[in-house]
Amino acid sequence: GAVVSQHPSRVICKSGTSVKIECRSLDFQATTMFWYRQFPKKSLMLMATSNEGSKATYEQGVEKDKFLINHASLTLSTLTVTSAHPEDSSFYICSASLQPRNTEAFFGQGTRLTVV
Amino acid sequence: DAKTTQPTSMDCAEGRAANLPCNHSTISGNEYVYWYRQIHSQGPQYIIHGLKNNETNEMASLIITEDRKSSTLILPHATLRDTAVYYCILRRRETSGSRLTFGEGTQLTVNP
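Conventions and cut-offs
Residues numbered from 1 in each chain as written. Chains lettered and ligands numbered in written order. Predicted model: local features only at pLDDT ≥ 70, side-chain atom pairs only at ≥ 80, totals over all residues. Heavy atoms only, no water. Core = buried A, V, L, I, M, F, W, Y, C linked by side-chain atoms within 4.5 Å. Buried < 20%, exposed > 50% of the residue type's maximum accessible area, 1.4 Å probe, protein only. Helix = DSSP H or I, 4+ residues; strand = E, 2+ residues; numbered from the N terminus. Contact = heavy atoms within 4.5 Å. Salt bridge = Lys/Arg side-chain N within 4 Å of Asp/Glu carboxyl O. Polar contact = N/O pair within 3.5 Å; in protein donor to acceptor, adjacent residues only side chain to side chain. Nonpolar A, V, L, I, M, F, W, Y, C, P; charged D, E, K, R; others polar. Pairing = 2+ DSSP bridges. Axes fitted to C-alpha atoms, helices over the stretch in contact; angles between N-to-C directions. Disulfide = S-S within 2.5 Å.

> Looking at this structure, I do not really get the nonpolar core. What am I missing?
One broad rule of soluble globular proteins: the nonpolar side chains tend to lie buried together. Phe67(A) and Leu113(A) are the most contacted members of the largest nonpolar core, which totals 27 residues. Taken together, the elements giving at least two residues each to this core come down to β2 (10-13), β3 (19-25), β4 (32-38), β5 (44-51), β7 (67-73), β8 (76-81), β9 (90-97) and β11 (111-115) of chain A. Formed by 21 residues, the second largest nonpolar core is a distinct cluster that contains Cys12(B), Val33(B), Leu73(B) and Leu75(B).

> Can you walk me through the interface of chain A and chain B in this structure?
How big an interface is tends to be stated in terms of the accessible area lost upon association of its parts. Across the boundary between the two partners, chain A contributes 23 residues, which contact 22 residues of chain B. Linking chain A with chain B are one salt bridge. Applying the counting criterion to the chain A and chain B interface returns six residue pairs in polar contact (both at pLDDT 80 or more). Elements that contribute at least two residues to the side of chain A that touches chain B include exactly β4, β5, β9 and β10 (105-107) of chain A. Counting residues per element, the side of chain A that touches chain B draws most heavily on β9(A), which supplies five residues. Its residues placed into classes, the side of chain A that touches chain B shows ten nonpolar, nine polar and four charged.

> Can you walk me through the side chain of Gln38(B) in this structure?
Among the structural elements, Gln38(B) can be located in strand β3 (residues 31-38). On the accessibility criterion, Gln38(B) (7% relative accessible area) is buried. A distance of 2.8 Å separates a polar atom in the side chain of Gln38(B) from a polar atom in the side chain of Gln38(A). A distance of 3.4 Å separates the side chain of Gln38(B) from the side chain of Tyr87(B), its partner in a polar contact.

> Please clarify how the sheet that holds strand β1 (residues 4-7) of chain A should be interpreted in this entry.
For sheets, the rule is that strands pair by backbone hydrogen bonds, running either parallel or antiparallel. Residue and element names in this part refer to chain A. Strand order in this open sheet of four strands is β1-β3-β8-β7, and the pairing throughout is antiparallel. Looking along the sheet, the strands with just one partner apiece sit at the ends: β1 and β7. Each strand axis lies, on average, 15 degrees off the axis of its neighbour in the sheet, ignoring direction.

> Please clarify how the state of the cysteines should be interpreted in this entry.
Note on terminology: disulfide describes a covalent bond linking the sulfur atoms of two cysteines. Using the criterion set out here, one finds two disulfides over all chains in the structure. In this model, Cys23(A) is linked to Cys94(A) through a disulfide, with the two sulfur atoms separated by 2.0 Å. One quick way to see it: the torsion about the S-S bond of Cys23(A) and Cys94(A) is about 80 degrees, and its sign makes the bridge right-handed. In this pair, Cys23(A) is assigned in strand β3 and Cys94(A) in strand β9, connecting sequence segments 71 residues apart. Per residue, the accessibility class of Cys23(A) equals that of Cys94(A), and both read buried. Residue Cys22(B) pairs covalently with Cys88(B) via a disulfide, S to S 2.1 Å. The sign of the -85 degrees torsion about the S-S bond sets the Cys22(B)-Cys88(B) disulfide as left-handed. Of this pair, Cys22(B) sits in strand β2 (residues 18-23) while Cys88(B) sits in strand β8 (residues 84-92), and the two are 66 residues apart along the sequence. The exposure classification of Cys22(B) matches that of Cys88(B), with both residues buried. Between Cys13(A), a free cysteine, and Cys94(A), which holds the nearest cysteine sulfur, the sulfur-to-sulfur gap is 18 Å. A relative accessible area of 8% places Cys13(A) in the buried class. With no disulfide of its own, Cys12(B) lies closest to Cys22(B) among cysteine sulfurs, the gap being 18 Å.

Keep in mind these numbers describe shape, not what the thing actually does.
Printed below as a string of structure tokens:
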């Protein structure tokens with residue numbers, strides 16, 4: 001199957017700093033990617049839809065100025081957590097499909113963010 | 001998308017079949033049933049999907065009832081590596097493959 005890669009897999013940052021997470025589709029082009037967040041012992045929650053060449057679409061309750069998304073190419077989307085706080089500590093996961101309406105979603109391995 | 005209901009947890013002996021149920025009594029005619037699983041601290045992995053016919057692939061079988069109000073994922077010979085949270089998700093045909101609404105899923109523990 002197609003491969004989606006995230007980097008870094010783990011990151012620790014200080015409160016008030018910003019952290020960038022990369023999501024790459026390694027062997028296919030993705031015009032749309034999705035970002036999810038998962039708190040401990042909870043399910044995945046969709047944060048936003050990343051659209052290549054245009055603005056991201058955010059789910060209700062997700063602050064667009066806090067979670068900056070850039071999708072500058074067909075193989076790369078980035079999520080930047082700005083002015084991070086301990087409550088932003090979470091598992092962030094991206095996904096993409098081979099085509100917008102394709103049947104199967106491919107997920108990255110996730111990024112564990114810890115804000116201290 | 002319609003809601004699904006799954007048991008919180010299940011246990012299975014290694015080598016035996018694991019049967020994971022999912023109720024989706026309000027499913028719409030254009031909604032597919034998808035199954036994903038998430039091994040601890042990893043991203044989810046696609047398993048199988050179906051509309052109304054039973055499906056089988058190298059990983060699992062999916063049995064959908066005739067009225068489509070419930071389904072069962074079957075892992076024919078569970079191994080320790082199948083221990084994971086299994087998510088039953090409904091997705092409309094026109095929705096992007098990656099835009100998924102995850103419920104709480106079933107924690108399957110395969111015991112030696």
